[in-house]
Amino acid sequence: MRIKIRYESAFEYPEAVRESHNVLRACPADDEHQTVHRYEVHVAPTGRIQSYRDYWGTRVDSFGIRRPHGSLVVSAEADVTTGERPAPKPGAPMSRYGSDAVVLGHHSYLQRSPHADWSEDLGDEARDTIGGLDTAVEAVVALHDHVADVIDYAPGATYVGMDVNDVRRRRKGVCQDFAHLAIAMYRSAGIPARYVSGYLYAADQTVAVAPEIAEIINATHAWVEAFVPGFGWWGIDPTNPTPVGELHVKIGHGRDYDDVMPLRGVYHGPADHKLGVSVTMSREQLSQAQSQQQQ
Amino acid sequence: MLDSRAGIETQFSEVYGADGVYPHYKALMARLEVLGEDDLAHRSRLLESIFRSLGITFGLSGDEEGRERTWPMDLVPRIIPPGEWAHVEAGLVQRVRALNLFLDDLYVGEQAVLNDGIVPRWIVESAAGYMREAYGVPAPLGSRCVVAGIDIVRDGQGVYRVLEDNLRVPSGISYVLENRVAMTRVLPLAFEHHRVRPVNHYGSSLLAALRAISPTAAAGEPTIVVLTPGVANSAYFEHAFLARQMGVELVEGRDLIVDDHVVFMRTTRGLQRVDVIYRRLNDEFLDPVVFRSDSLLGVPGLVAAARAGNVSIANAIGNGAADDKGVYPFVPDLISFYLGEEAVLPNVTTYLPWEPDQRQVIMDRLDRLVFKPVAEAGGYGIVIGPTASDETLAATAAAIEADPRGFIAQEVVQLSTHPTAFDGRLSPRHIDLRPFVLSGEDIEVIPGGLTRVALPEGSLIVNSSQGGGSKDTWVLEGDAT
Amino acid sequence: MLSRHAEALFWFGRYLERAEDTSRMLDVTYHNLLESPPTEEAAAWHELLEVLFVDQAFGGRRLDAPGVTHYLVTDADNPGSIVCSVGRARENAFGVRDRISTELWEAINQFHLDLQSWDVAGDLERQPYGVFRTVRNRCQMIAGVASQTMPRDDGYRFILLGLMLERAEMACRLLAVRYARLLHAGRPMSFQAWLAVLKSVSAYEAYLKSHDASFDPTRVLEFLLLSPSFPRSVLFSLRVAEAQLDRLAGAEDGAHLIRLMGRVRARAEFCDIDDVLVTGLDQFLESLQGEIYDVAQLVDRYFFRAGTDLELHAYQAT
């Protein structure tokens, strides 16, 4: 599916900001199942942008603005083709998770991280959930379903960085919370898991179908990749019942939100600011030549 | 069993061998004998008053009120003969060369060392000092450890062994230089009978190394600064000292700004471009844009400027990946992997509990070994087998069984002893050595280094913050043979 | 030089001068009151506090000699007290220890340590004049050490700039205290009172060399305000400050600062003292003070701040 994406963060400050430094991670990943045709970043007021791939392979755009400004608009436009992502077949037994290849090969995705720091109780809950299951795929699915069941999607109920154990107790959250809770539970049960930042082509983050309308406005999305022995990383979305595939546009992955947060920075200025983040997505009409080519 | 027991009890004396005083100590010991107790005591007091009046102090760790103590220096210098030093120097150069290559491999290379399984990937990935944020940040000449402080001890047989690498912001060099100056005032005649290699070129050597790593983008003479966390830092004295020795500006984070990925310092005549930063500030405080966002000590945008190749930062960001406790056992392997050489200076014998055969050795000798948690920093959680209670040892064994990757185990190292003056009388005390190694165009070792003394009788703790003292360290001129 | 160092040196100069001037003003007030009827005491102290801009902060403390002298000399709650000013001068010197001579550091550090250990409060009760004199002497000694041991570079110029702007501003205030009382009381000052004013700024001998001992109030005022040769006159201080700024500020972007400084100095230099007395001395002094303050603000913005006066905040956006 060919999708056009426009990410925008707009800051309004009550008084002029003297200087700001910012780091943006909004570029769709180029991988086996996803191709980026075009990606452009615009900053107003303008600043020189330095682009690079970070440790995780995510494209980063870094820029500073060193003159007084009352507002800042950071926008990124991408044109990307997404494909279906294959799902693993049940095969690998649970015991494979104990092998050195998994334990040592994916060590950082088995450790606690700032946003995935589970309590004993949460670990017990995870192990109970997959107790008696034989295969890796079953276990991954069981925990996914469990998280989807125990948390209700509720924008505004949490803040980014909230402790996963609190999220679990409150039973409410947004996609970042679903993802962090799932990661924490996977890892506590010995299943390597990583956090994925991206976009979801859906009018509602919890609804599973591509929208009818041509253009939708939503927010960035987050989901999870769990490791399945003999298969690899399997994308799975606890917020949304649809399999991770054409509708999901991956930006990048990391241990948790901190490794792939879309935009962070510092500025010299007033403490207050208004920030509006929006993601606009549309399906590109295929030209005749392209559609023939696809056939 | 018996052998290892004996090993613990043997202490190597730096001065006295089986046949009496070693030749390289004869002149010094004779001189001290001539002076006599009263004179020595008097000179020790003089030494203290010199440091007090110069205001050379250090902060005591754990002192809430930030009190400072006068730098304690012992009157009796430590002497290293040329042959021994040549051996140590060769080992240090080799070790630092390999560590530089290792760090470059991790941050801008192919990570061949991990792909080939020389160091287990998980060890590096769990090192607290491994900074993924610095991945891809270049270091000119691959000189990532511009200043390294390598802690060396001598075991019961007098073998020089590396105890620890300090590759982030090692401190102590100012005391090496001040100790020498004070020594020439207090015991001038002792120098007459020795040709002691000078140390006072450190400032110009460090400056040369920093110039060498200047980014190619720098036009003409590079501007170099020393970056300090500020006067409240316990090593501020040294930061100011080094800036003065090099004749460069001592700056704080708020003096620097980044504009379009170029670093400038704010002066009364406008912004002045900065090319090389010798920082004495820990990684996590360097840049709130990529590290701790609450740090006010750093410079927003600094890491991006370094990544763009517009400024060089010394030591490089993320060197903690190489001086980590978990990586230490593999340094001899790094030397053979990168240089195809055998390590000149051995490590202290270390056991890895995650290797089943080594775990067995550990379990058999719990009361003979030292246990260090891999993830903890600053000496936390260390268990010393010979002095630990049975309960502690049992708990340690259980912890190792439960999480073998959480610990390493080492043989207890008995530090060598050296005569040390107390009220004019000499008495043996344990010592170690921290030589300083500079990586610029080439690798240079400053002759000697900081010899630290554990002042309480029998103590093995040489840290100045915990009651340790220091000695002037003399490397003698002469043929290495 | 680094902006941060320049700022510390500038404030070192200011605080040093502030400590000295505060002791001078206390001295004038204190000794004039010895010859005034006791009914005027509270009003006189209040005026002094007003001139120092601390009358609000002083609050309900005792408005008499012990109360005010304690507040202005030793009170840790008053950031402008002599003990605090010396402490701040020392703190600033510490931040630039490598930039100043060892002698200068030792001099200010020792003064600070002495003030901490010495029973200033006790001495203030027993012999206030001794305290004022000691503070003045030590400050003068420290300024002397600076001028004898510091190379004539930008660092020294910033010390001098701070010192002279503070002195000019305080000299205006000092005259304001005395003349305000004179004008309000509506009676001529006694010979003794004039003597005290002149002596308090070490100007007695210098005045006698250029004038006779008849102490015409206008001539005394003119001397303290406009003498081109007496180093504590307002004009002299402004001229020295201007000379430093000329060397410090870049020709292009510093032009605004240099122009403002020149205007202030010219306003003092070319004023007609008789006109000033007719139109109102207090207004004249007040507006001159205001302009000196503006210069200091601009110095701060131009040399020290350059756009870093705002706090650093971190943000994240999803």
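Values in this document were obtained by computation on a predicted structure and should not be read as measured data.

**Student:** Explain the overall build of chain B to me, and be specific about the residues and the numbers.
**Tutor:** Across its full length, chain B carries twelve helices and 24 strands. The C-alpha atoms of chain B give 23 Å as radius of gyration, which agrees with the globular expectation for 481 residues (23 Å, within 12%). Projected onto its principal axes, the C-alpha positions of chain B cover 65 × 55 × 50 Å. Counting across all 481 residues of chain B, residues that qualify as buried make up 46%. Sequence-distant contacts in chain B: of pairs separated by 6 or more residues, those separated by 24 or more amount to 69%.

**Student:** Talk me through the overall build of chain C; I want residue IDs and the actual numbers.
**Tutor:** In terms of helices and strands, chain C carries 16 helices and one strand. Its C-alpha atoms give chain C a radius of gyration of 20 Å, within 12% of the compact-globule value 20 Å for 318 residues. Dimensions of chain C along its principal axes, counting C-alpha atoms only, are 70 × 50 × 45 Å. Contacts spanning at least 24 positions in sequence make up 71% of the contacts within chain C whose residues lie at least 6 apart.

**Student:** Break down the pairing of strand 24 (residues 468–475) of chain B for me, citing the residues and quoting the values.
**Tutor:** Residues and elements named next belong to chain B. Among the eight residues of strand 24, seven are classified as buried, and the element is accordingly described as predominantly covered. Here strand 5 (residues 73–80) runs beside strand 24; their pairing, made up of five bridges, is parallel. Bridge pairing in strand 24 places Met-73 opposite Ser-470. Both strand 23 (residues 450–454) and strand 24 contribute to a ladder of four bridges, which runs antiparallel. From the neighbouring strand, Thr-451 faces strand 24, where its bridge partner is Lys-471.

**Student:** How would you summarise the packing of helix 13 (residues 234–248) of chain C against helix 14 (residues 255–269) of chain C if you had to cite specific residues and measurements?
**Tutor:** All names here are of chain C. One can describe the packing of helix 13 onto helix 14 by two numbers: an axis separation of 9 Å at closest approach and a directional angle of 160°. Taken together, the axes of helix 13 and helix 14 lie roughly antiparallel to each other. Between helix 13 and helix 14 lies a crossing of left-handed hand. Seen from helix 13, the contacting residues are Val-234, Leu-235, Leu-238, Arg-239, Ala-241, Glu-242, Leu-245 and Asp-246; seen from helix 14, they are Leu-257, Ile-258, Met-261, Gly-262, Val-264, Arg-265, Ala-268 and Glu-269. Its residues assigned to classes, the contact of helix 13 with helix 14 comprises ten nonpolar, one polar and five charged.

**Student:** So what about the interface of chain B and chain A? Which residues, and what values?
**Tutor:** Listed as interface residues are 21 residues of chain B and, on the opposing side, 16 residues of chain A. Every element with two or more residues in the side of chain B that touches chain A is listed here: helix 5 (121–125), strand 10 (256–259) and helix 9 (302–307) of chain B. No other element matches the three residues that helix 5 of chain B contributes to the side of chain B that touches chain A. Grouping the constituent residues of the side of chain B that touches chain A by class yields ten nonpolar, five polar and six charged.

**Student:** Can you tell me about the packing of helix 1 (residues 3–33) of chain C against helix 8 (residues 128–149) of chain C, naming the residues and giving the values?
**Tutor:** All names here are of chain C. With their axes 9 Å apart at the nearest point, helix 1 and helix 8 run at an angle of 150° to one another. In terms of their interaxial angle, helix 1 and helix 8 are classed as roughly antiparallel. The handedness of the crossing between helix 1 and helix 8 comes out as left-handed. Counted together, Leu-16, Ala-19, Glu-20, Ser-23, Arg-24, Leu-26, Asp-27 and Tyr-30 of helix 1 and Pro-128, Phe-132, Val-135, Arg-136, Cys-139, Ile-142 and Ala-143 of helix 8 form the full contact between these two elements. Classifying every residue of the contact of helix 1 with helix 8 by side-chain character gives ten nonpolar, one polar and four charged.

**Student:** With reference to specific residues and values, describe the interface of chain B and chain C.
**Tutor:** The interface is formed by 18 residues belonging to chain B together with 16 residues belonging to chain C. Of all the elements in the fold, those that place two or more residues in the side of chain B that touches chain C are helix 8 (236–246), strand 9 (249–251) and strand 11 (262–267) of chain B. Here the side of chain B that touches chain C is composed, by residue class, of seven nonpolar, three polar and eight charged.

**Student:** Describe unusual backbone geometry, listing the residues and the values that go with them.
**Tutor:** For residues that are not glycine, phi is negative in most cases, and the peptide bond is trans in most cases. That bond from Ala44(A) to Pro45(A) is cis: its omega, 0°, falls within 30 degrees of zero. Backbone torsion omega between Ala314(B) and Asn315(B) reads -15°, so that peptide bond is classified as cis. By the element assignment, Asn315(B) lies in the loop between strand 14 (312–314) and helix 10 (331–339). One non-glycine residue, Leu141(B), lies in the positive phi region at around 65°.

**Student:** Quick rundown of the sheet that holds strand 18 (residues 407–411) of chain B? Include the residues and the values.
**Tutor:** Residue and element names in this part refer to chain B. Taken together, four strands build an open sheet; the order of strands is 15-18-16-17 and the sheet is antiparallel. Sheet topology places strand 15 (350–351) and strand 17 (383–384) at the edges, where each strand pairs with a single neighbour. Pairing of strand 16 (residues 369–373) with strand 17, which is carried by two bridges, proceeds in the antiparallel orientation. Paired with Val-370 across the bridge in strand 17 is Ile-384.

**Student:** Outline the nonpolar core, listing residues and values.
**Tutor:** Membership of the largest hydrophobic core comes to 284 residues, with the highest contact counts inside it found for Val140(A), Ala182(A), Met185(A), Val224(A), Ala226(A) and Phe102(B). In contact with Val140(A), not counting residues within four places along its chain, are Ile191(A), Ala226(A), Val228(A), Trp234(A) and Ile236(A). Ile362(B), Leu369(B), Val374(B) and Ala409(B) belong to the second-largest nonpolar core, a separate cluster that totals ten residues.

**Student:** Can you lay out the pairing of strand 8 (residues 224–227) of chain B for me, pointing to particular residues and giving the numbers?
**Tutor:** All names here are of chain B. Because side chains alternate across strand 8, one face comprises the buried residues Ile-224 and Val-226, and the other comprises Val-225 and Leu-227, equally buried. With four bridges connecting them, strand 8 and strand 13 (residues 276–279) associate as parallel partners. Residue pairing for strand 13: Val-226 is matched across the bridge by Tyr-278. In the sheet, strand 8 pairs with strand 9 via three bridges, with the strands oriented parallel.

**Student:** Mind laying out helix 3 (residues 136–150) of chain A, listing which residues take part and the relevant values?
**Tutor:** All names here are of chain A. Under the 1.5 Å per step criterion, the end-to-end length of helix 3 is 21 Å for 15 residues, consistent within 8% with the ideal 21 Å. Taken residue by residue, helix 3 has Ala-136, Val-137, Ala-139, Val-140, Leu-143, His-144 and Val-147 as its buried positions. Structurally, helix 3 contributes buried residues whose contacts are with helix 2 (120–130), helix 5 (175–188), strand 11 (220–228) and strand 12 (232–236).

**Student:** If you had to explain the sheet that holds strand 11 of chain B to someone new, which residues and values would you point to?
**Tutor:** Hydrogen bonds between backbone groups are what pair the strands of a sheet, and the pairing can be parallel or antiparallel. Residue and element names in this part refer to chain B. Taken together, three strands build an open sheet; the order of strands is 10-11-12 and the sheet is antiparallel. The open sheet has two free edges, formed respectively by strand 10 and strand 12 (270–273), since each of these has just one partner strand. In this sheet, adjacent strand axes meet at a mean angle of 45° when their direction is disregarded. Looking at chain direction, strand 11 and strand 12 are connected through four bridges and run antiparallel. Looking at the pairing, Phe-264 lines up with Arg-273 of strand 12.

**Student:** Please give an account of the confidence of the model for chain C that cites residues and values.
**Tutor:** All names here are of chain C. In the predicted model, chain C carries a mean pLDDT of 87, and the fraction of residues at 70 or more is 93%. When mean pLDDT is compared element by element in chain C, helix 13 scores highest at 95, while helix 10 (residues 191–200) scores lowest at 70. Here the prediction assigns the complex a pTM of 0.89, and the interface score ipTM is 0.92.

**Student:** Residues and numbers for the environment of Gln94(B), please.
**Tutor:** Residues and elements named next belong to chain B. Here Gln-94 lies in helix 3 (residues 82–107). For the pair Gln-94 and Ile-443, spaced 349 residues apart in sequence, the C-alpha to C-alpha distance is 9.0 Å. Aside from chain neighbours lying at most four places away, what touches Gln-94 is Ile-335, Leu-339, Glu-341 and Val-344.

**Student:** For the environment of Pro140(B), give the residues involved together with the corresponding values.
**Tutor:** Residues and elements named next belong to chain B. Here Pro-140 lies in the loop between helix 5 and strand 6 (147–154). Linking Pro-140 and Ser-214, residues 74 residues apart in sequence, is a C-alpha distance of 7.1 Å. Leave out the neighbours within four places in its chain, and Pro-140 touches Ile-213, Pro-215 and Ser-312.

Here is what the cut-offs are and how they apply
- Each chain carries its own residue numbering, running from 1 in the written order of its sequence.
- Chain letters and ligand numbers both follow the written order, the letters beginning at A and the numbers at 1.
- Reporting of local features is limited, given that this is a predicted model, to residues whose pLDDT is at least 70; pairs of side-chain atoms are given and counted only at 80 or more, and all residues count toward the totals for whole chains, interfaces and linings.
- A run of H or I in DSSP becomes a helix once it reaches four residues, and a run of E becomes a strand once it reaches two; helices and strands are each numbered from the N terminus.
- Two things to know: the radius of gyration comes from C-alpha atoms, and the globule rule equals 2.2 Å times the number of residues to the power 0.38.
- The burial label depends on the number of other C-beta atoms within 10 Å of a residue's C-beta. Counts of 20 or more mean buried, 12 or fewer mean exposed, and intermediate counts mean partly exposed, with C-beta atoms placed from the backbone.
- The contact criterion used here is simple: two residues whose C-beta atoms, placed from the backbone, lie within 7 Å are in contact.
- By definition, two strands form a pair when at least two bridges between them are found by DSSP.
- Note on geometry: axes are lines fitted to C-alpha atoms, helical ones only across the stretch in contact, with angles between N-to-C directions running from 0 to 180 degrees.
- Each angle is binned into one of four classes, with values under 35 degrees roughly parallel, values over 145 roughly antiparallel, values of 65 to 115 roughly perpendicular, and all other values oblique.
- Here is the rule for handedness: rotate from the far helix to the near one, and if that takes an anticlockwise turn smaller than a right angle the crossing is left-handed, while a clockwise turn gives right-handed.
- All amino acids are sorted into three groups, where Ala, Val, Leu, Ile, Met, Phe, Trp, Tyr, Cys and Pro are nonpolar, Asp, Glu, Lys and Arg are charged, and the leftover types, Gly among them, are polar.
- What makes a nonpolar core is a set of buried Ala, Val, Leu, Ile, Met, Phe, Trp, Tyr and Cys residues, with links drawn between C-beta atoms within 7 Å.
- Given the number of residues in a helix, its expected span is that number minus one, multiplied by 1.5 Å.
- A residue's pLDDT is the confidence the predictor assigns to it, expressed on a 0 to 100 scale.

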